[in-house]
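What follows is each chain in one-letter form.
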Amino acid sequence: MRGFFDPRQLAHAPASELHNGGFVPYAETPARAEAVAAALADLERPADRGEAPILAVHDTGYVEFLKTAPARWAAAGRPGDVIGYIWPIAARRPVRLERIDALAGRYSLDASTPLTAETWGAAYWSAQSVLAALDAVRGGDRAAFALCRPPGHHAGRDYLGGYCHLNTAAIAAQAAIDGGMRRVAILDIDYHHGNGTQDIFWSRGDVFYASIHADPATDYPFYWGHADEIGEGAGEGATLNLPLPQGTALDAFRRAQHKALAAIAAFAPDLAIVSFGADTYVGDPISGFALRTEDYETLARDIAACGWPVLIAMEGGYAVDALGANVASFLAGF
Ligand code: SP5
Ligand code: ZN
């Protein structure tokens, strides 16, 4: 299977994130991508397909913010990485935002996703990697892999969060549709619910979003991912949430994935995009499921058996020592 990655994706390295009331080392490290790249032979560098496919999903003001916020932060005399501290919960109306702190709150979901001067470039090449993998599948490959880092599924049209800036799965799905595919399914098997992907396609009937994740009652992102969230308007019924309790191991996860695959089969997609997080691993430091390395191959075989062309986009996975083996196991199933 062809896989895509650009070394410029490594340059994004925030120092810390806000967690449980204090700053702790940032969990989404460059070492994650290095571990995956080391485990997979010959990842290819993506071509540059420009900003248009990114702007087909993301708000132009938000993209401008990602590019310019670090310089504005430095110009304001701030040390460290850009991070918001005020969020527009009440004043959700168009007001002219001047200060960097106003913008940081407007364009972010949480305070665990700081921006550095290198973030835009890394996120840009993460998006180019997923677009290169899409082209491999469009060219006839049965499956292709994008080592997306930073990850994407918590990022919405106009907000970052959950270590994510550009929603790579959504960018690929939109590019597939704009390139002539009629229906695209996204199967999200990261430990966390992909609130950004769900939000982007919430009212759309042409992109089916199915997610298996930790119950938002106990886990980030808390506000989204409940079983009764099914989409609305033209998208009603095109969102499927299958929350599972902490401690879930292969058997229950696999049963949930069978449900998701059956729903996707009924949707009859031209392409399946898998948002793949290995933070479901038993040894993951920030998560609570109990999958083992060999389980990823089993899950991948079940997906491959459905027969759709598959684009695999990397999401989370924070047990760096096991990450390469976990990703390799998953890809082996295809
Ligand atoms: C893509 C993805 O998996 N994002 C996950 C975001 C979860 N953020 C909330 C969990 C906070 C745990 N932080 C622990 C930091 C240890 N250094
Ligand atoms: Zn995750």
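Residues numbered from 1 in each chain as written. Chains lettered and ligands numbered in written order. Predicted model: local features only at pLDDT ≥ 70, side-chain atom pairs only at ≥ 80, totals over all residues. Heavy atoms only, no water.

Another aspect to go through is the pattern of salt bridges. Within this structure, the stated rule accounts for 13 salt bridges. One salt bridge connects Glu44 with Arg2, and the closest N-O pair in it is separated by 2.7 Å. In this pair, Glu44 is assigned in the loop between helix H1 (30–39) and helix H2 (52–55) and Arg2 in strand E1 (residues 2–4), connecting sequence segments 42 residues apart. Its relative accessible area of 27% is what places Glu44 among the partly exposed residues. Accessibility expressed as a relative area gives 38% for Arg2, which makes it partly exposed. In this structure, Glu297 engages Arg301 in a salt bridge whose closest nitrogen and oxygen atoms are separated by 2.6 Å. Of this pair, Glu297 and Arg301 are both found in helix H9 (residues 293–304), four residues apart, which corresponds to roughly one turn of the helix. A relative accessible area of 47% means that Arg301 is categorised as partly exposed. (Salt bridge = Lys/Arg side-chain N within 4 Å of Asp/Glu carboxyl O. Helix = DSSP H or I, 4+ residues; strand = E, 2+ residues; numbered from the N terminus. Buried < 20%, exposed > 50% of the residue type's maximum accessible area, 1.4 Å probe, protein only.)

Examined bridge by bridge, strand E2 (residues 16–19) and strand E3 (residues 22–25) share four bridges and lie antiparallel to one another. Opposite His19, over in E3, you have Gly22 as the bridge partner. Hairpin geometry of E2 and E3 is characterised by an intervening segment of two residues between the two adjacent antiparallel strands and by a positive phi of about 50° at Asn20. (Pairing = 2+ DSSP bridges.)

This part takes up the coordination of the zinc ion (ligand 2). Bound to the zinc ion (ligand 2) are the protein donor atoms Asp190 (OD), Asp190 (OD), His192 (ND1) and Asp279 (OD), situated 1.9 to 2.7 Å from the metal. Donor residues for the zinc ion (ligand 2) sit on one chain with the sequence pattern D-x1-H-x86-D. Highlighted residues: Asp190 in the loop between strand E5 (184–188) and helix H7 (195–201) and Asp279 in the loop between strand E8 (271–276) and H9, separated in sequence by 89 residues. On the basis of relative accessibility, which here comes to 1%, the residue Asp190 falls in the buried class. By relative accessible area, Asp279 is classed as buried at 0%. (Donors = N, O, S within 2.8 Å, 3.2 Å for Na, K, Ca; no water.)

What follows is about the side chain of Ser112. Structurally, Ser112 can be placed in the loop between helix H4 (100–106) and helix H5 (119–138). Overall, Ser112 belongs to the buried group, its relative accessible area being 9%. When near neighbours in sequence (up to four residues on either side) are disregarded, Ser112 contacts Glu17, Leu18, Tyr26, Gly162 and Tyr163. (Contact = heavy atoms within 4.5 Å.)

Surrounding ligand 1, one finds 17 residues, the nearest of these being Pro25, Gly162, His192, Asp279 and Tyr318. One of the side-chain N or O atoms of Glu17 is found 3.3 Å from a nitrogen atom in ligand 1. In isolation ligand 1 offers 510 Å² of accessible surface; the protein chains occlude 86% of this area. Elements with a minimum of two residues in the shell around ligand 1: E2 and E3. Split into classes, the residues belonging to the shell around ligand 1 amount to eight nonpolar, six polar and three charged. (Near = heavy atom within 4 Å. Polar contact = N/O pair within 3.5 Å; in protein donor to acceptor, adjacent residues only side chain to side chain. Areas by Shrake-Rupley, 256 points an atom, 1.4 Å probe, with all protein chains shown as cover. Nonpolar A, V, L, I, M, F, W, Y, C, P; charged D, E, K, R; others polar.)

Our focus in this paragraph is the sheet that holds strand E4 (residues 143–146). The strand order E1-E4-E9-E8-E5-E6-E7 describes an open sheet built from seven strands, whose pairing is parallel. Both edges of this open sheet fall to E1 and strand E7 (239–244), since each of them pairs with a single strand only. Going from strand to strand, the sheet's axes swing by 15° on average, the running direction of each strand aside. Summarising the sheet, E1 and E4 pair through three bridges and their orientation is parallel. Bridge pairing in E4 links Arg2 to Ala144. (Axes fitted to C-alpha atoms, helices over the stretch in contact; angles between N-to-C directions.)

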